Amino acid sequence: MDRQPQYLSILSTIAQLKRYKSNILNAGYNRAVNKDNALYLNELLKLPASETSLFSDTEWDFNIENPNVSPSIRGSKLRINFAKYKNVPTEVTIEIKCILLAVLLTPEVFINNRKKAKKKTTNKLAANTVLAHMKSGLRFLETLFRHLKTKLGHEHIEKTYLSLTQLQADDYREAAKAHKSTYNDDLRQFFSYIQNPYTSEHIFGKSVPAFDSDQFTWESRYKKQVSTQVLPNWAFDQLVRAASLLVHDFLITMEEEVLDSYVSRYSQINTPKYCKDVGLTQYTFKLYRAFRLLNAGYAEKFVDSKYGIPNELRNSKGKYNFKDMTFFLNERQGCSFSLSSAYEHLALVTCAAKYLIGQYTGMRPSELAVIDLNTCLIEENGIKLLRSHVFKGKDSFSKGLFDDKWVVIPIIEDAINAIRILSSITQRGLAFSSIQTKKPEETEKPQNSVMICHQIKIFIRHALPNDDLGFNNYMMRHTLAYQLYRLEAGLPLISFQLKHLVNTVDKFLSRGSTSDVTMGYGGIADSLVESQTAQRLRKQSEIEVIKATADPDGNYLGGKAIEHKERLRIAFKGYMASGYSKDEIFEAMADQGLGVINVGLGYCYGSDSTNTDLPCIGSLRCNPNRCSNAIVSEANAPYWREIYNTNRANLNNPTYQDNYEQIQEVISEAKQVLELLGHSVDDE
């Protein structure tokens with residue numbers, strides 16, 4: 001509903017409800033003869049609630065005035081059926097309807113009184129959000145009035161209870177004990193609406209009894225699992241490596257160009273040839289695609305003209321036959337090929353590619369769901385961008401970044417190219433879509449967040465079969481932000497692609513500028529997550545720094561390691577004797593900063609004036625084998641592992657033959673530090 005002068009008329013009509021309520025609550029009131037109230041009620045019931053609904057309707061539908069919502073919201077989340085709540089008296093339902101309209105038309109009045117405000121600058125409430133609050137409140141009122149009817153009788157409640165102001169605080173408290181639904185933020189917000197001063201003055205005419213729902217005894221309370229907001233560092237590392245290798249193996253098998261050359265550094269001698277192991281080649285892929293399309297009902301003429309139908313797929317009668325084809329491949333061509341193996345592996349590649357897109361863009365599920373393979377990749381001033389659509393809070397930062405556009409780094413483009421090839425089997429135009437082949441007459445619909453999560457979990461179960469990460473879609477967004485905060489705090493770079501991402505973002509933002517416009521790691525992270533989440537993740541990254549450098553139970557190596565650990569032990573002993581836990585001390589240290597200098601590969605104590613090598617030049621020299629002031633801990637291991645792997649990859653590269661000896665020295669340096677830290681090193 002547009003906020004035209006019409007809405008002032010609606011609010012004015014709603015504001016007369018308190019006079020109407022006062023009359024009907026009067027014990028001597030006779031409804032039949034009170035024409036004024038009858039006229040008012042008639043006027044109220046004729047008010048437009050939405051583009052398609054009147055106040056009098058039992059169901060209100062807000063879909064038409066919200067055409068740009070994400071597919072996961074469209075439909076039932078924008079409808080509310082008041083008839084479902086049969087125990088709520090009619091007069092109370094009228095009050096709830098008035099409150100709902102008031103919140104939708106004057107959200108700024110209600111936002112400041114909410115228990116939770118995600119952003120201080122928020123002055124809008126999405127229709128689906130408000131409806132979720134109201135539905136939760138009506139479910140609670142259904143429990144409350146059912147309880148009262150059991151206690152006092154159905155007829156008594158229907159005749160006596162004509163307003164929420166007649167309820168006592170104890171009524172809410174007792175209903176909470178019996179309420180089966182979970183007490184969550186939706187219900188909390190509903191209570192804030194009925195306790196709002198605007199509601200008291202303009203709808204009820206008086207206040208509802210004061211109560212604090214947080215203090216009630218609830219059968220079930222929703223608890224947000226903060227611990228599962230981000231993927232652990234080790235899991236993030238393993239997932240991006242595994243996904244990258246799967247995607248690149250597929251692209252290489254299809255003889256497609258691989259854009260992210262860095263992935264080759266992940267590959268080891270014993271890395272499986274995934275496609276080869278299941279009998280997938282360009283040739284068998286073509287056969288498999290033809291079979292899938294024909295089996296889904298596509299005309300032979302269509303399949304043959306667009307992709308070709310290999311002769312091996314036809315039997316002696318000229319008809320396609322998968323049994324004959326697999327026999328031909330396995331017996332005559334010596335391939336190891338089966339329909340189920342091909343299906344499972346190609347599904348895995350698809351899911352891995354989707355994980356990479358989600359992980360390195362930080363896109364919300366609603367934004368991932370509408371990536372169109374035909375139009376998603378665009379280019380502006382030499383910078384490749386991924387185009388989708390932002391449904392939520394389009395208040396993004398400068399020059400349109402993350403406002404329907406995301407920078408495309410090579411690994412994202414590789415992932416999109418893989419999905420695009422695989423879409424020739426599924427005949428689907430959306431990147432995040434079903435892995436089943438679409439029927440010729442079927443209309444493609446964007447996936448909801450549950451299906452997106454399900455598909456990415458398929459890949460995660462493959463990459464980490466023994467670990468339950470409690471994965472949800474927003475973990476990718478939060479993990480991306482957290483990894484960027486880690487880098488800003490000076491922690492080791494886990495994924496080279498993150499550095500590429502930041503460089504590309506800065507390049508995008510500086511277009512047409514007379515001076516460089518940079519955001520850095522933290523600036524990009526701030527743009528991905530809401531302020532409260534950003535603050536929490538930033539602090540979490542700072543605590544990780546502190547645990548790596550100032551944990552008295554940590555493992556440190558180097559000439560000053562014992563001295564460093566003893567200082568920490570004494571300091572922590574004093575604090576813990578005062579009643580503080582280790583975690584509380586870490587948090588306090590994060591708030592105050594830490595005095596150890598992080599030079600990347602190690603931590604420098606820099607106080608040894610007898611060391612003639614000072615001033616320190618950092619880099620590879622900052623390790624206990626070279627300098628008595630250097631301390632290394634487990635936090636530095638990824639740096640050294642990266643140096644080791646990169647130089648191992650370059651050792652036999654003809655381009656670097658002139659530096660062969662220097663590369664060997666660097667490998668040896670990195671190997672010694674890794675072994676000091678207890679890491680196994682492959683000498684192949």
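Parameters at a glance
- Each chain carries its own residue numbering, running from 1 in the direction its sequence is written.
- Predicted model: local features are reported for residues with pLDDT of at least 70 only, side-chain atom pairs are reported and counted for 80 or more only, and whole-chain, interface and lining totals are derived from all residues.
- Values shown for side chains rest on all heavy atoms present in the structure; no hydrogens or waters enter the calculation.
- Under the DSSP-based scheme used, a helix requires at least four consecutive residues in state H or I and a strand at least two consecutive residues in state E, with every element numbered from the N terminus.
- Pairs of residues are marked as contacts when any of their non-hydrogen atoms sit within 4.5 Å.
- Put simply, two rings from Phe, Tyr or Trp (the six-membered ring, in Trp's case) pair if the centres are within 6.5 Å, and we call them stacked under 30 degrees between planes, edge-to-face over 60, tilted for the rest.
- Think of it in three bands: residues with accessible area under 20% of the maximum for their type are buried, residues over 50% are exposed, and the middle band is partly exposed, with areas taken using a 1.4 Å probe on protein chains only.
- By the criterion adopted, a ring carries a charge over it if an Arg CZ or a Lys NZ lies within 6 Å of its centre and within 35 degrees of its normal.
- As used in this structure description, the phrase polar contact means that two N or O atoms lie within 3.5 Å; if the pair is within protein, one of them must be able to donate a hydrogen and the other to accept it, and residues adjacent in sequence are counted only when both atoms belong to side chains.
- By convention in these notes, a salt bridge is any Lys or Arg side-chain nitrogen within 4 Å of a carboxyl oxygen on Asp or Glu.
- Multiply 1.5 Å by the residue count of a helix minus one, and that product is the helix's expected span.
- Regarding the arc, it is the one traced by the directions from the helix axis to the C-beta atoms.
- The axes are straight lines fitted to the C-alpha atoms, using for helices just the contacting stretch, and the angles between their N-to-C directions are given from 0 to 180°.
- Angle categories are assigned with fixed cut-offs, so that under 35 degrees is roughly parallel, over 145 is roughly antiparallel, 65 to 115 is roughly perpendicular, and the rest are oblique.
- In this classification, Asp, Glu, Lys and Arg are treated as charged, Ala, Val, Leu, Ile, Met, Phe, Trp, Tyr, Cys and Pro as nonpolar, and every other residue, Gly included, as polar.
- Here, a strand pair is defined by DSSP locating no fewer than two bridges between the strands.
- Here is the rule for handedness: rotate from the far helix to the near one, and if that takes an anticlockwise turn smaller than a right angle the crossing is left-handed, while a clockwise turn gives right-handed.
- Each residue carries a pLDDT value, the predictor's own confidence for that position, ranging from 0 to 100.
- Only buried Ala, Val, Leu, Ile, Met, Phe, Trp, Tyr and Cys residues count toward a nonpolar core, and they belong to the same one when joined by side-chain atoms within 4.5 Å.

Re the side chain of Gln359
Considering the arrangement of structural elements, one finds Gln359 in helix 16 (residues 339–361). Residue contacts for Gln359: discarding those within four places in its chain leaves Leu231, Phe236, Val240, Met476, Thr479 and Leu480.

Some points on the packing of aromatic side chains
Taken as a whole, this structure holds 19 aromatic pairs when the rule is applied. Both rings, one in Phe140 and one in Tyr172, keep their centres 6.2 Å apart while their planes meet at 5 degrees; by these two values the pair is stacked. Remark: Tyr172 occurs in helix 8 (residues 169–178) and Phe140 occurs in helix 6 (residues 127–152); sequence separation between them is 32 residues. Here the two residues Phe140 and Tyr172 agree in accessibility, since each one is buried. An aromatic cluster is present here, built from Phe140, Tyr172, Tyr183, Phe190, Phe191, Phe211, Phe216 and Trp218 joined pairwise through their rings. One residue, Lys97, lies across the ring of Phe82, its end atom 5.0 Å from the ring centre.

Focus on the side chain of Ser163
As for its position among the elements, Ser163 is in the loop between helix 7 (154–160) and helix 8. A polar atom in the side chain of Ser163 sits 2.6 Å from the side chain of Glu95. Ignoring sequence-local partners within four residues, the contact set of Ser163 consists of Val92, Glu95 and Phe204.

A look at the pattern of salt bridges
For the structure shown, the criterion picks out 13 salt bridges. Lys384 is the partner of Glu413 in a salt bridge, and the nearest nitrogen-oxygen pair spans 2.8 Å. Here Glu413 is found in helix 18 (residues 410–426), whereas its partner Lys384 is found in strand 4 (residues 383–387), with 29 residues between them in sequence. Judged by relative accessible area, which is 33%, Lys384 ranks as partly exposed.

Quick look at helix 27 (residues 660–676)
With 17 residues, helix 27 extends 25 Å from end C-alpha to end C-alpha; this agrees with the ideal 24 Å at 1.5 Å per step. Turning to helix 27, its buried residues are Ile663, Val666, Ile667, Glu669, Ala670, Val673 and Leu674. When helix 27 is viewed along its axis, its buried side chains cluster within an angular range of 160 degrees and face the same direction. Opposite the buried face of helix 27, at more than 90 degrees from it, the exposed residues are Glu661 and Glu665.

A closer look at the packing of helix 6 against helix 8
It is the contact of helix 6 with helix 8, at a shortest axis distance of 9 Å, that shows an interaxial angle of 105 degrees. On the basis of their axis angle, the class for helix 6 and helix 8 is roughly perpendicular. On helix 8, the residues touching Phe140, Thr143, Leu144, His147 and Leu148 of helix 6 are Asp171, Tyr172, Glu174, Ala175, Ala176 and Ala178. Of the residues assigned to the contact of helix 6 with helix 8, the class counts are 7 nonpolar, 2 polar and 2 charged.

Describing helix 6
With 26 residues, helix 6 should reach 38 Å at 1.5 Å per residue; the first-to-last C-alpha distance of 36 Å fits that figure. Where helix 6 terminates, the next one or two residues include Gly153, which has phi positive at roughly 105 degrees.

Here's the deal with the sheet that holds strand 4
Strands sit in the order 3-4-5 across an open sheet of 3 strands; the sheet is antiparallel. Strand pairing shows two members of the sheet lacking a second neighbour, strand 3 (377–380) and strand 5 (405–407), which therefore form its edges. Shown here is a sheet whose adjacent strand axes are inclined to one another by a mean of 40 degrees, direction ignored. The pairing of strand 4 with strand 5 spans 3 bridges and is antiparallel. Bridge pairing in strand 5 links Arg387 to Lys405. Across the sheet, helix 18 is in contact with strand 3, strand 4 and strand 5; its angle to strand 3 comes to roughly 145 degrees.

Focus on the packing of helix 4 (residues 90–105) against helix 6
Taken N-terminus to C-terminus, the directions of helix 4 and helix 6 make an angle of 160 degrees; their axes are 11 Å apart at the nearest point. Our classification of the angle between helix 4 and helix 6 gives roughly antiparallel. The crossing of helix 4 and helix 6 is right-handed. In this structure, helix 4 contributes Val92, Ile96, Ile99, Leu100, Val103 and Leu104 to the contact, and helix 6 contributes Ala127, Val130, Leu131, Met134, Leu138, Leu141 and Phe145. For the contact of helix 4 with helix 6, the per-class residue count stands at 13 nonpolar, no polar and no charged.

A closer look at the pairing of strand 3
Burial of the side chains of strand 3 is restricted to one face: Ile378 and Glu380 are buried, whereas none of Leu377 and Glu379 on the reverse face is. In terms of strand pairing, strand 3 meets strand 4 through 4 bridges, oriented antiparallel. Directly across from Glu380, in strand 4, lies its bridge partner Ile383. Hairpin connection from strand 3 to strand 4: 2 residues lie between these consecutive antiparallel strands, with Asn381 at a positive phi of about 50 degrees.

Things to note about the confidence of the model for the chain
Per-residue confidence for the chain averages 80 on the pLDDT scale, and 73% of its residues sit at or above 70. By mean pLDDT, strand 6 (residues 597–598) is the weakest element of the chain at 42, and strand 2 (residues 79–81) is the strongest at 97. Taken as a whole, residues 607–618 scores under 50 in pLDDT and shows 10 contacts with residues more than four places along the chain or in a different chain.

Some remarks on the nonpolar core
In this structure, Phe250, Tyr355, Ile357 and Phe459 are the most contacted members of the largest nonpolar core, which totals 65 residues. Those elements that place two or more of their residues in this core are helix 11 (233–253), helix 12 (274–277), helix 13 (282–295), helix 16, helix 18, helix 19 (449–463) and helix 20 (474–488). Those residues in contact with Phe250, other than ones at most four positions away along the chain, are Cys275, Phe285, Leu346, Val349, Ala418, Ile421 and Leu422. Formed by 64 residues, the second largest nonpolar core is a distinct cluster that contains Leu105, Leu141, Leu164 and Tyr193.

Describing unusual backbone geometry
We note that Glu255 has phi near 55 degrees; this positive angle belongs to a residue other than glycine. In this structure, Glu255 sits in the loop between helix 11 and helix 12. Here Glu255 falls in the exposed class, since its relative accessible area comes to 65%. Even without glycine at this site, Gln427 takes up a positive phi of about 60 degrees. Within the element layout of this structure, Gln427 appears in the loop between helix 18 and helix 19.

Thoughts on the environment of Met576
Within the secondary structure layout, Met576 lies in helix 24 (residues 561–577). By relative accessible area, which is 41% here, Met576 ends up partly exposed. Those residues in contact with Met576 that sit more than four places away from it in its chain are Lys582 and Ile585.

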